[in-house]
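Report on the structure
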Amino acid sequence: MPVEAGELVRAVECAVEEFNRTHGSEGQARLLEVSGDRFRVEFRGSFCLTCGFYDYFEDFAYLLRDCGVRAGVSAVEELEGGAVVEYRLLKEGEEWRFTPERVFLILE
């Protein structure tokens with residue numbers, strides 16, 4: 001069953017609130033826009049890069065699920081001090097795992 005626009009906005013705001021509560025010392029999220037089955041969230045902060053920068057975006061998708069909406073990362077635009085992440089609603093039975101285009105190795 002399709003998700004209504006108002007329901008989607010409420011679910012994303014629920015996930016943003018929980019993300020900011022649990023990750024607030026490392027980063028903050030905010031909803032930028034909703035368009036059909038896609039939406040964009042801005043993440044800003046001093047994220048723990050050794051923990052996996054992209055893991056924060058997948059964590060957000062799990063928070064969305066807890067708020068009643070299933071979505072996956074479809075694009076990431078890295079910015080200085082954060083990123084803008086596009087999510088797409090998942091269809092019934094669809095699974096999603098985002099694979100970044102770039103991989104960084106940190107050797108010490």
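What you are looking at is a predicted structure, and each value in this text was computed from that prediction instead of being measured.

Attention shifts here to the state of the cysteines. In this structure the tally under the stated criterion is 1 disulfide. For Cys-14, the disulfide goes to Cys-67, at an S-S distance of 2.1 Å. Disulfide Cys-14-Cys-67: the torsion about the S-S bond is -65 degrees, which places it as left-handed. Residue Cys-14 is located in helix H1 (residues 5–23), and its partner Cys-67 is located in the loop between helix H3 (55–66) and strand S3 (71–79); the two are separated by 53 residues in the primary sequence. Residue Cys-14 is classed as partly exposed on the basis of its relative accessible area, which comes to 36%.

Here the focus is the packing of H1 against H3. Packed helices, taken two at a time, are described by the angle between their axes plus the distance between the axes. Direction vectors running N to C along H1 and H3 enclose 125 degrees, while the axes themselves pass 9 Å from each other. Considering the angle they form, H1 stands oblique to H3. Two packed elements cross with a definite hand, and for H1 against H3 that hand is right-handed. Seen from H1, the contacting residues are Ala-11, Val-12, Ala-15, Val-16, Glu-18, Phe-19 and His-23; seen from H3, they are Tyr-56, Asp-59, Phe-60, Leu-63 and Leu-64.

Among the structural elements, Glu-42 can be located in strand S2 (residues 38–45). Polar side-chain contacts of Glu-42 include one of 2.6 Å to the side chain of Arg-30. Beyond its immediate sequence surroundings of up to four residues, Glu-42 is in contact with Gln-28, Ala-29, Arg-30, Leu-32, Ala-83 and Val-84.

Looking at where His-23 falls in the secondary structure, it is placed in helix H1. On a C-alpha basis, the gap between His-23 and Tyr-56 in space is 8.8 Å, while along the polypeptide they are 33 residues apart. For His-23, the contacting residues outside a window of four places in its chain are Tyr-56 and Asp-59.

Calculation notes
- Residues numbered from 1 in each chain as written.
- Predicted model: local features only at pLDDT ≥ 70, side-chain atom pairs only at ≥ 80, totals over all residues.
- Heavy atoms only, no water.
- Disulfide = S-S within 2.5 Å.
- Helix = DSSP H or I, 4+ residues; strand = E, 2+ residues; numbered from the N terminus.
- Buried < 20%, exposed > 50% of the residue type's maximum accessible area, 1.4 Å probe, protein only.
- Axes fitted to C-alpha atoms, helices over the stretch in contact; angles between N-to-C directions.
- Parallel < 35°, antiparallel > 145°, perpendicular 65-115°, else oblique.
- Left-handed = near helix turned anticlockwise from the far one by under 90°.
- Contact = heavy atoms within 4.5 Å.
- Polar contact = N/O pair within 3.5 Å; in protein donor to acceptor, adjacent residues only side chain to side chain.

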